[in-house]
Amino acid sequence: MTRILGIILLLVVLRMAWKSFTIQLRTAVFGPPTLPKAPPPPRAAVAETLVQCATCGTYVAARRALPGGGGNEVFCSEECRRSHPQS
Ligand SMILES: [Zn+2]
């Protein structure tokens, strides 16, 4: 039983030594490991003005909204623009 434990312990030590060796080898060949670059901010974090559709009330990005109607009204879709009572 102690022989089996000794073999397992030896394997664990060898594995640790091998891991340490490969890390040192990688550092020697490729240089020290660099931290991964910070990911770009998610799309939602980028400020975007939202405007409300005059017909259905849906909020859409201002750059995607369709102008129309009499005043400053904007619409989420061509369908909403057509079905708006004042246009
Ligand atoms: Zn709409």
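Every value quoted in this text rests on a predicted model; they were computed, and no experiment measured them. (Residues numbered from 1 in each chain as written. Predicted model: local features only at pLDDT ≥ 70, side-chain atom pairs only at ≥ 80, totals over all residues. Heavy atoms only, no water.)

Moving on to the pattern of salt bridges. The full count for this structure, using the stated rule, is two salt bridges. Here R81 ties to E78 by a salt bridge, and the two come within 2.8 Å at their closest N and O atoms. Highlighted residues: R81 and E78, both in helix 2 (residues 78–83), separated by three residues, approximately one helical turn. (Salt bridge = Lys/Arg side-chain N within 4 Å of Asp/Glu carboxyl O. Helix = DSSP H or I, 4+ residues; strand = E, 2+ residues; numbered from the N terminus.)

Turning our attention to the environment of A17. Secondary-structure assignment places A17 in helix 1 (residues 2–30). You can call A17 partly exposed: its relative accessible area is 44%. On a C-alpha basis, the gap between A17 and A54 in space is 69 Å, while along the polypeptide they are 37 residues apart. (Buried < 20%, exposed > 50% of the residue type's maximum accessible area, 1.4 Å probe, protein only.)

Bringing the domain arrangement of the chain into the picture now. One can read the domain layout of the chain as domain 1 (1–33) and domain 2 (43–83). Here the C-alpha centroids of domain 1 and domain 2 sit 61 Å apart. (Domains from an automatic or database assignment.)

So, about the coordination of the zinc ion. Donor atoms from the polypeptide that bind the zinc ion are C53 (SG), C56 (SG), C76 (SG) and C80 (SG), placed at 2.3 Å. Around the zinc ion sit four donor atoms, and with donor-metal-donor angles ranging over 104 to 113 degrees the site reads as tetrahedral. Along the chain, the residues donating to the zinc ion fall in the pattern C-x2-C-x19-C-x3-C. Of this pair, C56 sits in the loop between strand 1 (50–52) and strand 2 (59–61) while C76 sits in the loop between strand 4 (74–75) and helix 2, and the two are 20 residues apart along the sequence. For C56, a relative accessible area of 41% gives the class partly exposed. (Donors = N, O, S within 2.8 Å, 3.2 Å for Na, K, Ca; no water. Tetrahedral: all angles 85-135°; square planar, octahedral: opposite > 155°, others 65-115°.)

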